[in-house]
Amino acid sequence: MTREAFNHGWRYRTKATAFAELGGSAASDWTEVLLPHDALLATERRPDAPRGETNGYFAGGAFEYVRTFHADEDLRGKQVLLEFDGVYRDAGIYVNGDLAGRWAFGYSRFLVRIDPYLELGADNEIRVECRTHLDSRWYAGAGIYRDVHLVVKEPVHIAPDGVVVTTPDVEPGRAVVEVAVDVENSGALTTTHVLAASVVDADGVTVATATSPVTLLPGTSGTVRHRLYVRDPRLWSVDTPHLYTVAVALNRADGEAADAEPVTLGIRTLQLDPYEGLRINGEPVKLRGACLHSDNGPLGAVSMRPAEERRVALLKAAGFNAIRSAHNPMSTALLEACDKLGMLVMDETFDVWTSGKSDFDYAADFPQWWERDVEAMVTKDRNHPSVIFYSIGNEIPETGSRVGATWGRRLAEKVRSLDGTRFVTNGINGFVSMLDTILPQMQQRRAAAGAATQDAGGTGGVNTMMAGIGQMMGHIQASEAATKRTEESYAVLDVAGMNYADARYDRELFPRRVIVGTETWPTSIAGNWALVTANPHVIGDFTWTGWDYLGETGVGATRYADADGGTGATGFSGGYPELTAWCGDLDITGHRRPVSYFREIVFGLRSEPYVAARPPADHGRPVAVATPWAWGDTIESWTWEGYEGKPVTVEVYSEADEVELLVNGAAVGRAEVINFRAELETTYEPGEVTAVVYRDGVETGRFTVASAGPSLALDVDADRTELSADGGDLAYVTLTLTDGAGVVHMGRDRTVTVTVDGPATLQALGSGNPVTTESFHAPEHSTFQGRALAVVRPTGAGPITVTARAEGCRPVTIALSAS
């Protein structure tokens, strides 16, 4: 077998059928691209895009990709497949104009056999069609946004996804590794091959091996099983993510290689019960979880190994130990990053079953496709040690009905039939499960609130409803009606996943229920984490969200009232040009926001206090809308030029019980710390603001934020300078406006221009700004709170120079090298 990257040589354009072109419609010109690629990100954002707040005001469209593939004569008699890790959406794969395969879901890894359509000894055209339009509640991108591989197999071969590795018996001093391999014979003769399996450690040393002959009649398949015994195994965990490789080789009787399949192995055990909670390798683990959408910020929907490794590393540094893929199967690149760096995974299937949430979403495909998509996810991911849960859905309305519970049972049992070594959950929101009864009541209340507001001369009642959504949802989740309607849907699970349902964490009604907060308000982390740590049957919390994301614009924004008392917002969104949800602990560039430090303190991972201030320009303005996803607009800054002598609110986060605030060494206030947080009022003067925290009257720590000096400089820093030249690597270059001494100028934003010289391209340039009209594909972009991020992608070997310029700053360069 050969398996090689198939990402080079592609071109793409907006699609127009031949009949449409005859009628006068024209496709765009072809543009060369290196996969993975997000076709939607380069399109124009429009304020009139239908339901634009859901996907960041990108209008959607249809796209097609083509490339030429020369099929050599030595492919005769072999199976040739294309492996797509993800195409969004409704992918059609054509070879020389003939349909070779389709896949409806935009997040599944799938294979298409193309050898029946190839002309050997000639160039062949591979074409991929896809589209997106009102089919997602968030930014999903479009196109071939994950890796593609060309797979060639001999007539006798290891079946695709045919290697399953488990560790059913692990104890100190030894581990049993079971390897099950499906072998297929598509040839015309009975054959006997030899299948060997070896366990190889990180140093390349073989620590266990086994072989077995396998005889197959024509057109049949068989499963070869090995039990391998590893002495003194190094266990995989979040803190010590030790990995092995299981090298599986299929050889002919004469010893010539026929096929091979390397599989990553992490030796670990999982245990779960309501008395000890979740245990990994016998040790209790509480899940410090982050929900995570699939987009990569300035890269759009593109998933690449360096981008995913960076994302996992930054989330882990911020205190998280688990990720929930919201709300779709993870890319292979992200799972490999979790394996490598030590991050636990809740691997999710769908956001919808039979009841749609968008006009043209997966609900119409679900009855015909769900089983294939569950198989695609589980068979792809079951060898990853990071995966400990499979989630069969997110906020599915059907979970509140008897028939819907039968769907849940089917999904759960399908998962278990493919992998019985992980736990099955479902992100159930009892509020959503009751929508059929709640919506009529909400419509009546909304109409009444609107009428009352009109009588008072104000604006509509939607914002009032949003401000109280957390309290309303908690009340409904804990109701007897919701409890009864979701009981069977919970009963089919190993772990009860609860979205925004901390009011239902009690165990009186269901003493054997194990609970995980699959989705929670970021503003509720202190109370939620207290419930997690106090109750063994509550095994963790997954905040919405760990990383900010494109689309669902303004969900986490804090909106102040204008002169008329309104905000201009409709629903959650403030309208165009809002771009992101603005509810992540980290923004779309990976920069940590104040809520991230608060969470780290709540988790017990940070003893040092943290200081942030609210912009004095908004001091005293009433907050009109702040949903439970909105942390606020504090930033870690003490540079407020033009506001000298003006009042400012300072927030201090700490595990202590009292805080004293100093401005330039002088005490200006003292306050009690309540739920890890204290607020103090002072007036701004340049210099330093210091928080000194006390427990039982004894100082336990302090934290200082200094004002930036008058100078302005542009600083650059790359996450690494030595890169691979194969087209699959990235360098992340941070651009920061400082005073030259390292203090960030958050109030002096500038347009930064970036040029790249050498064998590389500027893949993206952007900032964490949640409201912008700027493109990530332009060579210039404004900083946001003093920061921007450039992503450089090598296209060949050689030296690379990145130069950045900003008004009032000396140009700066950084040297990279690709080999």
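### Concerning the overall build of the chain
And then number 1: Along its length, the chain carries 13 helices and 46 strands.
And then number 2: Seen along its three principal axes, the alpha-carbon backbone of the chain occupies a region of about 90 × 65 × 55 Å.
And then number 3: Going through the 819 residues of the chain one by one, you find that 57% of them count as buried.
And then number 4: Long-range pairs, those at least 24 residues apart, make up 72% of the contacts in the chain between residues at least 6 apart in sequence.

### A closer look at the packing of helix α12 (residues 525-534) against helix α13 (residues 594-602)
And then number 1: Close contact between α12 and α13 brings their axes to 10 Å; oriented N to C, the two are set at 25 degrees. Compared by their axis directions, α12 and α13 come out roughly parallel. Crossing handedness for the pair α12 and α13: right-handed. Of the residues in α13, those touching α12 at Ile 525, Ala 526 and Trp 529 are Phe 598, Arg 599 and Val 602.
And then number 2: Class assignment for the residues of the contact of α12 with α13 results in 5 nonpolar, no polar and 1 charged.

### Observations regarding the pairing of strand β28 (residues 538-543)
And then number 1: Among the 6 residues that make up β28, 6 are buried, leaving the element largely enclosed by the rest of the structure.
And then number 2: Here strand β21 (residues 287-292) runs beside β28; their pairing, made up of 4 bridges, is parallel. Bridge pairing in β28 places Gly 289 opposite Phe 542.
And then number 3: Pairing of strand β27 (residues 515-520) with β28 involves 3 bridges; the strand directions are parallel. Among the inter-strand pairings, Ile 515 is bridged to a residue of β28, identified as Val 538.
And then number 4: Viewed along the sheet, the connection from β27 through α12 into β28 turns out right-handed.

### Topic: the sheet that holds strand β42 (residues 760-766)
And then number 1: An order of β38-β40-β44-β42 is seen for the 4 strands of this open sheet, with the pairing classed as antiparallel. Edge positions in the sheet fall to β38 (713-718) and β42, since each of these pairs with one other strand and no more. Each neighbouring strand pair of the sheet contributes to a mean axis angle of 25 degrees, computed without reference to strand direction.
And then number 2: With 6 bridges joining them, strand β40 (residues 731-738) and strand β44 (residues 787-794) adopt antiparallel strand pairing.

### Some remarks on the environment of Asp 359
And then number 1: Tracing the backbone through its elements, the reader meets Asp 359 in the loop between β23 (344-348) and α5 (366-381).
And then number 2: A relative accessible area of 60% means that Asp 359 is categorised as exposed.
And then number 3: Taking the C-alpha atoms as reference points, Asp 359 and Arg 137, 222 residues apart in sequence, are found 9.9 Å from one another.

### As for the packing of α5 against helix α6 (residues 402-418)
And then number 1: Between α5 and α6, the shortest axis-to-axis distance is 9 Å and the interhelical angle comes to 30 degrees. When the axis of α5 is compared with that of α6, the two are roughly parallel. Along this stretch, α5 crosses α6, giving a crossing that reads as right-handed. Residue-level inspection shows Phe 366, Pro 367, Trp 370, Glu 371, Val 374, Glu 375, Val 378 and Thr 379 of α5 in contact with α6, the latter providing Trp 407, Arg 410, Leu 411, Lys 414, Val 415 and Leu 418.
And then number 2: Among the residues making up the contact of α5 with α6, the classes are represented as 9 nonpolar, 1 polar and 4 charged.

### A word on the confidence of the model for the chain
And then number 1: In the predicted model, the chain carries a mean pLDDT of 94, and 96% of its residues have values of at least 70.
And then number 2: In the predicted structure, residues 452-467 sits below a pLDDT of 50 and forms 20 contacts with residues beyond four places in sequence or in another chain.

### Here we look at the side chain of Asn 296
And then number 1: By the element assignment, Asn 296 lies in the loop between β21 and α3 (305-317).
And then number 2: Sequence-distant contacts of Asn 296, that is, excluding residues within four places in its chain, are made with Val 302, Ser 303, Ala 307, Glu 308 and Arg 311.

### A short note on the pattern of salt bridges
And then number 1: One pass over the full model with this rule turns up 55 salt bridges.
And then number 2: Ionic pairing is found between Lys 357 and Asp 351, a salt bridge with its closest N-O pair at 3.2 Å.
And then number 3: Classification of Asp 351 by relative accessible area gives buried; the value is 9%.
And then number 4: We note a salt bridge from Asp 381 to Lys 380, for which the minimum N-O separation is 2.7 Å.
And then number 5: Judged by its relative accessible area of 0%, Asp 381 falls in the buried class.
And then number 6: Within the structure, one salt-bridge network assembled from shared partners comprises Arg 13, Lys 15, Glu 64, Arg 127 and Glu 129.

### Thoughts on the sheet that holds strand β36 (residues 688-695)
Within a sheet, neighbouring strands are paired by backbone hydrogen bonds and run either parallel or antiparallel to one another.
And then number 1: Here we have 4 strands laid out as an open sheet, ordered β34-β33-β36-β37, and antiparallel in their pairing. Strand pairing shows two members of the sheet lacking a second neighbour, β34 (666-672) and β37 (698-706), which therefore form its edges. Ignoring which end each strand starts from, the neighbouring axes of this sheet average 20 degrees apart.
And then number 2: In this structure, β36 lies alongside β37, joined through 8 bridges in antiparallel fashion. From the neighbouring strand, Glu 688 faces β37, where its bridge partner is Ala 706.

Criteria and cut-off values
- Residues numbered from 1 in each chain as written.
- Predicted model: local features only at pLDDT ≥ 70, side-chain atom pairs only at ≥ 80, totals over all residues.
- Heavy atoms only, no water.
- Helix = DSSP H or I, 4+ residues; strand = E, 2+ residues; numbered from the N terminus.
- Buried < 20%, exposed > 50% of the residue type's maximum accessible area, 1.4 Å probe, protein only.
- Contact = heavy atoms within 4.5 Å.
- Axes fitted to C-alpha atoms, helices over the stretch in contact; angles between N-to-C directions.
- Parallel < 35°, antiparallel > 145°, perpendicular 65-115°, else oblique.
- Left-handed = near helix turned anticlockwise from the far one by under 90°.
- Nonpolar A, V, L, I, M, F, W, Y, C, P; charged D, E, K, R; others polar.
- Pairing = 2+ DSSP bridges.
- Right-handed = clockwise from strand over helix to strand, strands pointing away.
- pLDDT = per-residue confidence, 0-100.
- Salt bridge = Lys/Arg side-chain N within 4 Å of Asp/Glu carboxyl O.

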